[in-house]
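# Reading the structure
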Amino acid sequence: MENTSYIALSRQTALWRQLDVVSNNLANMNTNGYQAEQTLFSEYLMNTRDSHFRLPEKLAYTQDAGTYRDLTAGPLEHTGNPLDLAINGEGYFEVEDGAGPAYTRGGRFTLDAEGKVVTADGRPLMTDAGTPLVIAPNEGEVTISATGTVSTENGPVGKLRLVSFEDEQKLRRIGGGLFDSGDQQANPITEPRIEQGMIEKSNVNPVVEMTRMIQVQRSYEAANKLIESENDRQLNAYAVLSGTK
Amino acid sequence: MRALNIGATGMLAQQTNVEVISNNIANMNTTAYTRRRAEFHDLLYQNLRRAGSNSSDTGTIVPTGVQLGLGVKTAAVYRITEQGSVTSTNNALDLAIQGKGYFQIDLPSGETAYTRDGAFQLSPNGEIVTHDGYRVTGLGAIPTNAESITINPTGEVLYKIDGQTALVNAGQIQTAIFPNDAGLNAIGDNYLTETAGSGAPTVGVPGSVGFGTILQGYLESSNVNVVSEITELISAQRAYEMNSKVITTSDEMLSTISRMK
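This structure is a prediction, so every number in the text was calculated from the model and none was measured.

With that settled, consider the UniProt feature "domain: Flagellar basal body rod protein N-terminal" (unreviewed entry) in chain A. Cross-referencing UniProt, the feature "domain: Flagellar basal body rod protein N-terminal" (unreviewed entry) maps to residues 6-35 of chain A in the present numbering. Taken end to end, residues 6-35 of chain A comprises 73% helix and 0% strand; its first and last C-alpha atoms sit 34 Å apart.

Shown next as structure tokens:
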């Protein structure tokens, strides 16, 4: 009897989650290296009293089954900062996150007091030798080739470790633009393409997100309308059955 | 109601962004000002349905899961230490550093400040000082009868006494370099001080490996690029508006609930 309202409620709950995802995308529209998140909806079938009939009747609720990342590359912006790195194509930079490696595409790096190349949170950028990349204090000209070889006026100092994963969707976000590998094997990329002095902007398309937000709002109102008319219908039915009308 | 809070983090971040950009524009004519950029990071994530967890007894796993982000945070405000362009001033005591390095200034407190603003003047005692009258570290006084002051690319300060032919050395300008320039603490008036984040300074003679050279008669302009600042400003404003729209939308969705009969 109450199923209509519950189905509409399941839709509304899922829509709130979708609004959360859309608003997180909009909040991060200026976050370098951020990849937009999208929601997946699926139906959740429920048996009813009549499900044992030959033509069973099942109720379809809405469920937000998952979120996935939009993996398209964001636009590259020239910054003129020699330690701003953008990955042209696939791959992630490896940084050390205390407990183990973390991965990121946000390529704004800086030097720390010890000359280590680190992220804004101070996590060191790793080389293919498994050591942090260090620039000596008297080395001013840092050149990073497209393949990730780092050299200064004193010669080469290391090669950046760029990795890819079999299934990028399995990477888990841990905040701060970082990803956890999610028990996946990190495969070094043999021919990376790195652009020095450029940065990958977020790939959020604000226009699409805004229209999606309007759509969420309207769908939410439609579901609300459904709940209200169902309520009216029930009130009407009670009135008729109880003879007050 | 995560969306309300997420929208708020977005608005706060963009506000910081606008503040940083407006400070850059305000300082576009400040000698040797290095522009700042705000850097944003995504905030924490909530795992509502963890990717990789079992979805049935036969071992099928959830491929993506539901991860909800909780907004954005300001991770850092960087100083972008790109060389600014140099402009000729024809003033003997205007110095620009071409390449890496900072002038060392003795603050009245006894500390050393660092600056790339080389608009120096002579004090009543003949010392080379900044606008505020703070001495450049390690230089001797220049007598009043000095005819011309030459500062060569390696930082040697030479002057000639009227009627004499030999040049007299008044000292050596040494510059300081840091492992991490961006970690210096700006204290205003174009001065920077050392922090744990910048690392300890290495002091050296201009022109040696890793240090820049000194240009006499030039000043380094700020490295603010007005066109890119304005486009950043417009983009920040739009982002702010969109985040406020998120708040309006969540509010309207909430109000449909309270309007329900």
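Resuming the write-up.
What follows is about the packing of aromatic side chains. Applying the stated criterion across every chain yields a total of nine aromatic pairs over all chains. Over the aromatic face of Tyr78(B) sits the side chain of Arg108(A), whose NZ or CZ is 5.6 Å from the ring centroid.

What follows is about the domain arrangement of chain B. Where interface size is quoted, it is often the accessible area lost as the parts come together. All names here are of chain B. Under the domain assignment, chain B is made up of domain 1 (2-81 + 224-258) and domain 2 (86-220). Centre-to-centre separation of domain 1 and domain 2, based on C-alpha positions: 41 Å. Opposite the six residues of domain 1 that make contact, domain 2 presents 11 residues. Considering only the side of domain 1, the residues that lose the most area to domain 2 are Thr31, Ala32 and Arg79, jointly responsible for 71% of the buried surface there. Linking domain 1 to domain 2 there are two residue pairs in polar contact (both at pLDDT 80 or more).

Within this numbering scheme, the UniProt entry marks residues 216-260 of chain B as carrying the feature "domain: Flagellar basal-body/hook protein C-terminal" (unreviewed entry). Taken end to end, residues 216-260 of chain B is 73% helix and 9% strand, and its first and last C-alpha atoms sit 75 Å apart.

Turning our eyes to something else, we now look at the sheet that holds strand β10 (residues 149-152) of chain A. Spatially, three strands are ordered β9-β10-β11 (chain A) in an open sheet, and the strand pairing comes out antiparallel. Every other strand in the sheet has two partners, leaving β9 (143-144) and β11 (155-159) of chain A as the edge strands with one partner each.

Rules used in this analysis
- Residues numbered from 1 in each chain as written.
- Chains lettered and ligands numbered in written order.
- Predicted model: local features only at pLDDT ≥ 70, side-chain atom pairs only at ≥ 80, totals over all residues.
- Heavy atoms only, no water.
- UniProt positions renumbered as here; feature names shortened; annotations may be inferred.
- Helix = DSSP H or I, 4+ residues; strand = E, 2+ residues; numbered from the N terminus.
- Phe/Tyr/Trp six-rings, centres within 6.5 Å; stacked < 30°, edge-to-face > 60°.
- Lys NZ or Arg CZ within 6 Å of the ring centre and 35° of its normal.
- Domains from an automatic or database assignment.
- Contact = heavy atoms within 4.5 Å.
- Buried area = accessible area lost by both parts, 1.4 Å probe.
- Polar contact = N/O pair within 3.5 Å; in protein donor to acceptor, adjacent residues only side chain to side chain.
- Pairing = 2+ DSSP bridges.

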